[in-house]
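A closer look at the structure
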Amino acid sequence: MTGSAPARVKQPNSRHCFVCGVENRDGFALAFYETGPDQVEADVVIPSKFEGYPGVAHGGIVAALMDEITLRAAMAGRPEEFLVTGRMVIRYRKPVPVGQPLHLHGSVRRRRGRTVEAEGQVLVSGGVAVEGEAMLFPNPDAVLAAPSLAELGWKVYPD
């Protein structure tokens with residue numbers, strides 16, 4: 001018996017976000033894909049302009065990626081439910097290299113009322129380099145209607 005791979009559903013991007021903004025020349029323009037309920041993934045190569053030590057990504061850049069992957073997990077199936085990070089704990093297990101393919105994975109641990117607990121990982125060829133968790137809350141200032149979302153460029157862009 002053969003199983004099929006889970007469907008990947010692309011999430012929206014914005015125009016200017018540092019991590020997902022398609023028009024941000026200084027950012028990553030990452031595409032995020034839902035791979036199951038409350039689960040997302042993305043692939044990235046961190047360019048050397050974001051290194052801390054030679055050959056190693058700056059920890060703040062890695063934290064930005066962790067923040068986004070946990071947030072994206074919380075938004076899975078809810079593309080207009082904008083959240084903010086209230087708390088994030090990150091454990092750096094291995095150096096994160098620049099110039100090499102990395103895989104990001106995020107999933108929801110628990111939803112409690114309007115609060116979401118999510119976890120994420122940065123995976124390198126040798127396993128888990130970074131792991132962490134975030135507590136996410138609804139953004140009280142982000143009650144965005146469709147016209148506002150369109151102005152932000154918040155939509156699914158073709159691959």
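Residues numbered from 1 in each chain as written. Predicted model: local features only at pLDDT ≥ 70, side-chain atom pairs only at ≥ 80, totals over all residues. Heavy atoms only, no water.

The strand order across the open sheet formed by seven strands is β1-β2-β3-β5-β6-β7-β4, and the pairing between neighbours is antiparallel. If you trace the sheet from one side to the other, it starts and ends with β1 (9-10) and β4 (83-92), each paired once. As paired strands, strand β2 (residues 33-36) and strand β3 (residues 39-45) are joined by three bridges and run antiparallel to one another. The partner of Y33 across the bridge, within β3, is E41. (Pairing = 2+ DSSP bridges. Helix = DSSP H or I, 4+ residues; strand = E, 2+ residues; numbered from the N terminus.)

With that settled, the discussion passes to unusual backbone geometry. Unusually for a residue other than glycine, A29 sits at a positive phi of about 50°. Among the structural elements, A29 can be located in the loop between β1 and β2. Of the residues examined, A29 reaches a relative accessible area of 38% and is grouped as partly exposed. The phi torsion at D38 lies on the positive side, around 60°, for a residue other than glycine. With respect to the helices and strands, D38 occurs in the loop between β2 and β3. (Buried < 20%, exposed > 50% of the residue type's maximum accessible area, 1.4 Å probe, protein only.)

Another aspect to go through is the layout of surface pockets. Considering only enclosed or pocket space, the largest pocket measures out at about 360 Å³ in volume. Around the largest pocket, the lining is made up of 15 residues, and of these S14, C17, L71, F82 and W154 lie nearest the centre. Of all the secondary-structure elements, those providing two or more residues to the lining of the largest pocket are α1 (59-75) and α2 (146-152). Counting residues per element, the lining of the largest pocket draws most heavily on α1, at five residues. Split into classes, the residues belonging to the lining of the largest pocket amount to nine nonpolar, two polar and four charged. (1 Å grid on protein atoms, 1.4 Å probe; cavity = no way out; pocket = protein on both sides within 12 Å on 5 of 7 lines; lining within 4 Å. Points joined across faces, edges and corners; volume = space filled by probe spheres on them. Nonpolar A, V, L, I, M, F, W, Y, C, P; charged D, E, K, R; others polar.)

The next thing to look at is the pattern of salt bridges. Side-chain pairing between opposite charges can occur once the charged atoms of the two side chains come close. All chains considered together, the criterion is met by 13 salt bridges. Put simply, R111 and D38 hold a salt bridge, and the shortest N to O gap is 2.9 Å. You can see R111 sitting in strand β5 (residues 101-112) and its partner D38 sitting in the loop between β2 and β3, a full 73 residues away along the chain. With its nearest N and O atoms 2.9 Å apart, the salt bridge here joins R91 to E133. With R91 in strand β4 and E133 in strand β7 (residues 127-138), the pair connects residues that are 42 residues apart, well separated along the chain. In this structure R91 comes out as partly exposed when scored by relative accessible area, which is 26%. Taken together, the shared-partner salt bridges in this structure form one network comprising R91, R93, R109, E119, E131 and E133. (Salt bridge = Lys/Arg side-chain N within 4 Å of Asp/Glu carboxyl O.)

The values reported here are purely geometric and, on their own, carry no functional implication.
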